[in-house]
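# Geometric and topological summary
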Amino acid sequence: MAIERTIRVTGKGNLKVKPDMTRITITLEGVKKEYSSTLKQSSEDTEELKKILEKHDFSSEDVKTLSFNVEVENESYHDKNGDWKSRFVGYRFSHVLKVEFESNNDRLGKILYSLANALIIRPEFRISFFVKDEEAAKNELLGKAVKDSKDKAEILTAATGVKLGDIQTIDYSWGQINMEIAPMHMDMLCCETAKCSTGGYDMDIEPDDIDITDTVTVVWGIC
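To start, this report covers the structure provided alongside it.

Rules used throughout
Along each chain, numbering runs from 1 in the same order as the chain's sequence is written. In keeping with the model being predicted, local features are shown solely for residues with a pLDDT of at least 70 and side-chain atom pairs are shown and tallied solely at 80 or more, while totals for entire chains, interfaces and linings include all residues. Think of the side-chain values as coming from all heavy atoms in the structure, minus any hydrogens and water. By nonpolar core is meant a set of buried Ala, Val, Leu, Ile, Met, Phe, Trp, Tyr and Cys residues that side-chain atoms within 4.5 Å join together. Using a 1.4 Å probe on the protein chains alone, a residue whose accessible area is under 20% of its type maximum counts as buried, one over 50% counts as exposed, and one in between counts as partly exposed. Working definition: helices are DSSP H or I runs of at least four residues, strands are E runs of at least two. Numbering for both runs from the N terminus. Stacked, tilted and edge-to-face are the three classes assigned to paired rings of Phe, Tyr and Trp, where Trp is represented by its six-membered ring and a pair needs centres within 6.5 Å; plane angles under 30 degrees give stacked, over 60 edge-to-face, the rest tilted. Should the NZ of a Lys or the CZ of an Arg lie within 6 Å of a ring centre and within 35 degrees of the ring normal, that charge is described as sitting over the ring. Each patch groups residues whose relative accessible area exceeds 30% and which form no salt bridge, using 9 Å between like charges and 5 Å between nonpolar side chains of Val, Leu, Ile, Met, Phe, Trp and Tyr. Accessible surface area values rest on a Shrake-Rupley calculation with a 1.4 Å probe, where residue burial reflects the displayed protein chains alone. Salt bridges are counted wherever a side-chain nitrogen of Lys or Arg sits within 4 Å of a carboxyl oxygen of Asp or Glu. Only when DSSP finds a minimum of two bridges between them are two strands counted as paired. Here, axes are lines fitted to C-alpha atoms. For helices the fit covers the stretch in contact, and angles between N-to-C directions go from 0 to 180 degrees.

Judged by nonpolar contacts, the single largest core of 24 residues is most densely connected at Ile24, Leu49, Leu53, Leu108, Leu112 and Leu115. Elements supplying a minimum of two residues to this core: strand S2 (21–32), helix H1 (35–54), strand S4 (84–102), helix H2 (105–116) and strand S5 (124–130). Grouped together as the second largest cluster of nonpolar side chains are 19 residues, Leu141, Ala145, Met179 and Ile210 included.

This is the structure we're talking about:
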């Protein structure tokens, strides 16, 4: 029985994708002596945040929780003998939330201004940009990788005097592809980098294209 001859070629796909969505990740934190007071403070701060965001056309359902934690917080100190000791400070909560919207610098500037100038809460926030239709980008990337594999296989078979046959197997990892960039953090937001206007920052942000790469290995029959 003749052994079928094959050629195994790994193709690489490269794609530049323009981010079209903006994500603001917001962190609320606080410390209270009592556990119940900590939960109450977290709830009140979250409601205040939602009130701020409602003014920018977000509903309560648009404000999504990413994580919520309550942990015991201690502090170190020197006792009267100069020895290090630890004592209970309280319970610290950390509530991380996000809102997403189609990229719009004017809307972004107004939201950031409201967050930075909030009176009752002091949220930390992070701005990132991502691709809305990730599936379409992944499919295009996969197509490019398969085409690259075929192009290489045709070159190799032509050089060795054999013909390229049908695909035998395709090996693709289905790994996670990051389609988000975060060029800006809260501490970068000041009047030197974003001019202040009434009720908003004059943002001039054009996020760079996101470079994504993936590979696929194809086994072709040859004759």
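From this point, things continue past the structure.
This part is about the packing of aromatic side chains. Under the counting rule described, the total for this entry stands at three aromatic pairs. Plain terms: the ring middles of phenylalanine 58 and phenylalanine 101 are 5.9 Å apart, the flat faces sit at 65° to each other, and that makes the pair edge-to-face. One end of the pair, phenylalanine 58, is in the loop between H1 and strand S3 (64–78); the other, phenylalanine 101, is in strand S4, and 43 residues separate them in sequence. For phenylalanine 101, a relative accessible area of 4% gives the class buried. Members of the aromatic cluster, each reached through a chain of ring pairs, are Tyr35, Phe88 and Tyr91. Directly above the aromatic system of phenylalanine 130 lies the positively charged group of arginine 23, at a separation of 4.0 Å from the ring centroid. In this structure, arginine 87 is placed above the aromatic ring of tyrosine 77, and the distance from its NZ or CZ to the ring centre is 4.1 Å.

The subject of this paragraph is a nonpolar patch on the surface. On the surface, Tyr35, Leu39 and Phe68 cluster together into a nonpolar patch covering about 280 Å² of accessible area. Its location among the elements puts tyrosine 35 in helix H1. Given the relative accessible area of 42%, tyrosine 35 is considered partly exposed.

Let us look at the pairing of S2. As a general feature of sheets, a regular strand has side chains that alternate between the two faces. Within S2, nine of the 12 residues are buried, leaving the element largely enclosed by the surrounding structure. The pairing of S2 with S4 spans 12 bridges and is antiparallel. If you follow threonine 22 over to S4, its bridge partner there is phenylalanine 101. As paired strands, S2 and S5 are joined by seven bridges and run antiparallel to one another. Across the sheet, isoleucine 24 pairs through a bridge with isoleucine 127, a residue of S5.

Taken together, the three strands give an open sheet; going across it, the order is S1-S10-S6, and neighbouring strands pair in antiparallel fashion. Edge positions in the sheet fall to strand S1 (6–17) and strand S6 (164–171), since each of these pairs with one other strand and no more. Averaged over neighbouring strand pairs, the angle between their axes works out to 35° when direction is ignored. Sheet topology places S6 next to strand S10 (residues 210–222); five bridges connect them, and they run antiparallel. Within the sheet, the bridge partner assigned to aspartate 171 lies in S10 and is threonine 217.

With that settled, consider unusual backbone geometry. Backbone phi values are negative for most residues with the exception of glycine, while trans is the configuration of most peptide bonds. Positive phi, close to 70°, is recorded for aspartate 57, a residue that is not glycine. By secondary structure assignment, the location of aspartate 57 is in the loop between H1 and S3.

Applying the stated rule across the entire model yields 14 salt bridges. The salt bridge involving arginine 23 is made with glutamate 100; its shortest N-O contact spans 2.7 Å. Of this pair, arginine 23 sits in strand S2 while glutamate 100 sits in strand S4, and the two are 77 residues apart along the sequence. Where arginine 92 meets glutamate 29, a salt bridge forms, and the shortest distance between an N and an O atom there is 3.9 Å. Taken together, the residues arginine 92 in strand S4 and glutamate 29 in strand S2 connect sequence positions 63 residues apart.

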